[in-house]
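# Descriptive structure summary
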Amino acid sequence: MRSRPRARTRLRSRRRAAVVACFLAPSLLIFIVYRILPLIWNVVLSFQAWSPLRPATWVGWDNYDEMLNDDDVFWQALWNTVIFLASQPIAIALALGVAMLVNSDLKGASVYRTIVFLSYPLMTVAVAIIWHWMYNERGGLINYALRQLGVVGHPIAFLDSFAWALPSTIVANTWQVLGFFMIVLLSGLQNIPPHLYEAARVDGAPARARFFRITLPMLRPALFLCLVIGMLNSFSAFDLIYVMTNGGPGHATELLITYIYKQGFGSTRFDYAAALTVAQFAMLLVLTWIAHRAVGGNAGAIE
Amino acid sequence: MRHKLRHAALVAISVIMLAPFYWVLKTAVTSENIYEYPPHLLPVRPQLFNFVDVWYLIPFPRYLFNSVIVSLIAVAGNLVLNAMAGYALTLPFIGRRSVIILLLSCTLIPFQATIIPAYLITAHFGLLDSYLGLALPLLSTIVCIFIFKASFDAVPRSLIDAARIDGLGELRILLRVMLPLSTPAIATNVVLSFIWSWNNFLWPLIITRSPDMQTLPLGLARFLSYMEDTTGALYAFVVMVLAPGLLVFLMAQSAFMRGLTTGATKG
Amino acid sequence: MTWGRILISRFFIVPIVLLVAIAGWNVYVELHAHGLLQGRVVDAAGHPVPNATVILSVHDFVTQVEKARTRTDRAGRFRFDDNNSHLIQLEAQSGTASSPRVTVRLWFRGQDRTIAEPLRLPPSA
């Protein structure tokens, strides 16, 4: 009589394990095949020399050697990517400002929210074309506004100048991504319990102290998420750069990801492109770890 | 007074965010030579014939059809796979924590870091240039799994226990108890997976070989290499391409916003 | 989710309305796409010009290519019956005088159109 409940529990937990396995299997399969396996394959490929017609040979550090010592484009692309990454915290700060403005009982707050977020669901290719037109010397709104306001006397060729091309693409990218940051920060703001603010106000703390002592610390998980998304954005900015400038005048807007594409599918140098991918991914890991420490060592409400 | 300042600031921000939309729309319907300086702020003699020209110039219905099929596959796959995985993660089992950590670290692997091997794998399966090959990498996303998981975690335990006592199997619990209570999560999942698959450019760029398997973003990029005349035909195409995505988003946006701002994206 | 709620939800209504609109438009196009183009030629004083030549040309990527010619009847009217383009130019000639080129933009290929404004020939010297 006593063994029956135990047997039933065993059966139930075994059945549950089977169910869990069945439910998780398809998703895990997709991730293994399309995320983990490619990453490992990239690492392996970066140590090989491989042209699609001949079998792969092991060459050790040759690809990395070429990348670091012989390739000027790599360093230019790396520098551009670093600048691009540095612009993300600025975008996050702007989004925080917008989120705080929207986070109130303002009439029509949801309308403003939708308007700011409207740029995110757009096709990045379309965004690139739109902003390419905005920057145009003759028909573009930006040059027109600058000249009408008397800031400049003649049109600036934004996307054709070595100095302005990268900032111009960064502005376009910020325009698109601002809405997403705002939504994440807004949900973080709405999860701060108001009684903390009440207590601070009763204690006579000024608005600035309230912001730095209550808002920012409570926003750490949301800020970390935004930083990670911002870093992943340096990968997904491929669409924007490819259509807007395709690497820019010379390589002024060449990001690592566009260079990877050009090496992999333009020159069909899969092995070299793999080495570049591993380099960029390593940089991503390092930056994520730094961001993790910067928000206090705990990435927030992760389980 | 504070309210007025907030409104003013928000209006200014809205103008900045909407200006590119307006500029492109204006360029698409104007009759002037768009490269003439100074451009007019309002469309000159607005007309819709640019859209007619674009319709006959490029195979818009074909691109639209391809995009719709791929997005349908991706959204359907996402709903099914993510709901199952999200539910499985709420059940206690050995190694649950490791699986969660594994999935979270997979979010750090951006799609663009996998393109070359993913291309080789897809070629190996013979799925190049096919709808399934286009949709396969997007069939499940980790962010959406955690959105479902957070939503399922919020379902009161009493309901689940009652269902278990009634003898419902796990699948039935998922369908009858969890999903009906998670409509915001479903809406968020549908919208996010639709956006990501509809706007995907790099993967179709690599995978498609024949011109009539191309999706809308590819068609748009290809159109850039057509001759550029002084009419707003290209921008009419941009408006045509953006319209379906915006329409779907605007329809679903209230449920979507609700799903995102109820803290469902924590972690 | 009952069937009633699904039917009223905007996810159902919007696609249905779109499909109905598209079907309606296609029906309209089918009924009105015979390639018929009609118009009149008048001279500088406004009198109809019989037996003038009207040239129809079609935009062929970079240039205009002549597709068809016809002559006006006694009342100065002309018609083309098998136009299958959406962007055409018409020009009238009589003797040495030729009217300026008029661009006609249609909503779909082969749309039947009666051109309201007549082609005006300039006064001959």
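Everything quoted here is computed from the prediction, not taken from an experiment.

### Examining the nonpolar core
In this structure, A95, A126, F181, M182 and L185 of chain A together with F237 and V238 of chain B are the most contacted members of the largest nonpolar core, which totals 162 residues. Each of domain 1 (1–47) and domain 2 (59–264) of chain B contributes no fewer than three residues to this core. Other than its neighbours up to four places away in sequence, L185 of chain A contacts A95, L96, A99, L219, A222 and C226 of chain A. Core analysis: the second largest hydrophobic core is formed by 11 residues, L56, I88, L90 and A92 of chain C among them.

### Notes on the domain arrangement of chain C
Splitting chain C by domain gives domain 1 (1–32) and domain 2 (34–120). A straight line from the C-alpha centre of domain 1 of chain C to that of domain 2 of chain C covers 38 Å.

### What about the packing of helix α3 (residues 72–102) of chain A against helix α1 (residues 2–29) of chain B?
Packing of α3 of chain A against α1 of chain B brings their axes to within 10 Å, and their N-to-C directions diverge by 135°. What the angle tells us is that α3 of chain A and α1 of chain B run oblique. The two elements α3 of chain A and α1 of chain B cross, and the hand of that crossing is left-handed. Along its contact with α3 of chain A, which presents V98, L101 and V102 of chain A, the element α1 of chain B presents R6, A9, L10 and I13 of chain B.

### Description of helix α7 (residues 142–153) of chain B
Between its terminal C-alpha atoms α7 of chain B stretches 16 Å, which fits the 16 Å expected from 12 residues at 1.5 Å a residue. Every buried residue belonging to α7 of chain B is among I142, C144, I145, F146, I147, F148, K149, A150, S151 and F152 of chain B, and all of these are buried.

### A closer look at the confidence of the model for chain C
In regions of low pLDDT, the predicted coordinates are not meant to be interpreted in detail. Residues and elements named next belong to chain C. In this model, chain C carries a mean pLDDT of 82, and residues with pLDDT of at least 70 account for 91%. Across chain C, helix α2 (residues 10–32) holds the top mean pLDDT of 87, while helix α1 (residues 3–8) sits lowest at 66. Interface predicted TM-score (ipTM) for the complex: 0.87; the corresponding pTM is 0.87.

Calculation rules
Residues numbered from 1 in each chain as written. Chains lettered and ligands numbered in written order. Predicted model: local features only at pLDDT ≥ 70, side-chain atom pairs only at ≥ 80, totals over all residues. Core = buried A, V, L, I, M, F, W, Y, C linked by C-beta atoms within 7 Å. Buried ≥ 20, exposed ≤ 12 C-beta atoms within 10 Å, placed from the backbone. Domains from an automatic or database assignment. Contact = placed C-beta atoms within 7 Å. Axes fitted to C-alpha atoms, helices over the stretch in contact; angles between N-to-C directions. Helix = DSSP H or I, 4+ residues; strand = E, 2+ residues; numbered from the N terminus. Parallel < 35°, antiparallel > 145°, perpendicular 65-115°, else oblique. Left-handed = near helix turned anticlockwise from the far one by under 90°. Expected span 1.5 Å × (residues − 1). pLDDT = per-residue confidence, 0-100.

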